[in-house]
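Now for the letters of each chain:
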Amino acid sequence: MLCGRSPFPGKNKEEIAKMTISREIDLDKKESFNNISQECKNFIMCAMERDTSKRFSAEQLLQHPWIIKMSDQADQIIDESEKIEMIQNLKDFGNASKF
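(A) How the structure looks around the overall build of the protein chain. Each helix and strand in the protein chain was counted, giving 5 helices and 0 strands. The buried share of the protein chain, taken over its 99 residues, is 18%. Surface exposure of the protein chain reaches about 7,600 Å², of which carbon and sulfur atoms provide 54%.

Written out as structure tokens, the structure is:
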């Protein structure tokens, strides 16, 4: 949702599900994630950790530095071009989602 692209490419639900389970992901190698901060990428990886003993809980994710930073900035005004870009990214993500 952050960049309008899934981190797991696939032609159908089955392919995406297989990749989600078996494929390692490096967000730094994904071109569509170039404009995403390292803090945000770290948040995503903490949430997507395959090993359940290492995966962050919802409570831990809510205390992640990126979430804290974003909540602190929530009161700031987002300019119109950023709003348009975010809306378009969400539309693109929704259209591309196989789920």
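(B) The arrangement of the packing of helix H2 (residues 38-48) against helix H4 (residues 65-73) in detail. With their axes 8 Å apart at the nearest point, H2 and H4 run at an angle of 125 degrees to one another. As judged from the angle between their axes, H2 and H4 are oblique. Between H2, through Glu39, Cys40 and Phe43, and H4, the contact on the second element is made entirely by Pro65, Trp66, Ile67 and Lys69. A class-by-class count of the residues in the contact of H2 with H4 yields 5 nonpolar, no polar and 2 charged.

(C) Representation of the confidence of the model for the protein chain. Here the protein chain averages 79 in pLDDT, and 83% of its residues register 70 or above. Of all the helices and strands in the protein chain, helix H5 (residues 80-96) carries the lowest mean pLDDT, 76, while helix H3 (residues 58-62) carries the highest, 92.

(D) How the structure looks around the nonpolar core. Counting residues in hydrophobic clusters, the biggest one holds 12 residues: Phe8, Ile16, Ile25, Leu27, Phe33, Ile36, Cys40, Phe43, Ile44, Cys46, Leu61 and Trp66. Looking at this core, the element that brings in the most residues is H2, giving 4 residues.

(E) Focus on the environment of glutamate 39. Residue position: glutamate 39 is located in helix H2. Taking relative accessible area as the criterion, glutamate 39 reaches 31% and is therefore assigned partly exposed. Remark: the alpha-carbon pair of glutamate 39 and isoleucine 67, spanning 28 residues in sequence, is separated by 9.1 Å. Not counting the four nearest positions on each side in its chain, glutamate 39 is found in contact with His64, Pro65, Trp66 and Lys69.

(F) Inspection of the environment of lysine 69 at higher detail. Topologically, lysine 69 is positioned in helix H4. When the C-alpha atoms of lysine 69 and glutamate 39 are compared, they prove to be 9.5 Å apart, with 30 residues separating the residues in sequence.

Criteria and thresholds
Residues numbered from 1 in each chain as written. Predicted model: local features only at pLDDT ≥ 70, side-chain atom pairs only at ≥ 80, totals over all residues. Heavy atoms only, no water. Helix = DSSP H or I, 4+ residues; strand = E, 2+ residues; numbered from the N terminus. Buried < 20%, exposed > 50% of the residue type's maximum accessible area, 1.4 Å probe, protein only. Areas by Shrake-Rupley, 256 points an atom, 1.4 Å probe, with all protein chains shown as cover. Axes fitted to C-alpha atoms, helices over the stretch in contact; angles between N-to-C directions. Parallel < 35°, antiparallel > 145°, perpendicular 65-115°, else oblique. Contact = heavy atoms within 4.5 Å. Nonpolar A, V, L, I, M, F, W, Y, C, P; charged D, E, K, R; others polar. pLDDT = per-residue confidence, 0-100. Core = buried A, V, L, I, M, F, W, Y, C linked by side-chain atoms within 4.5 Å.

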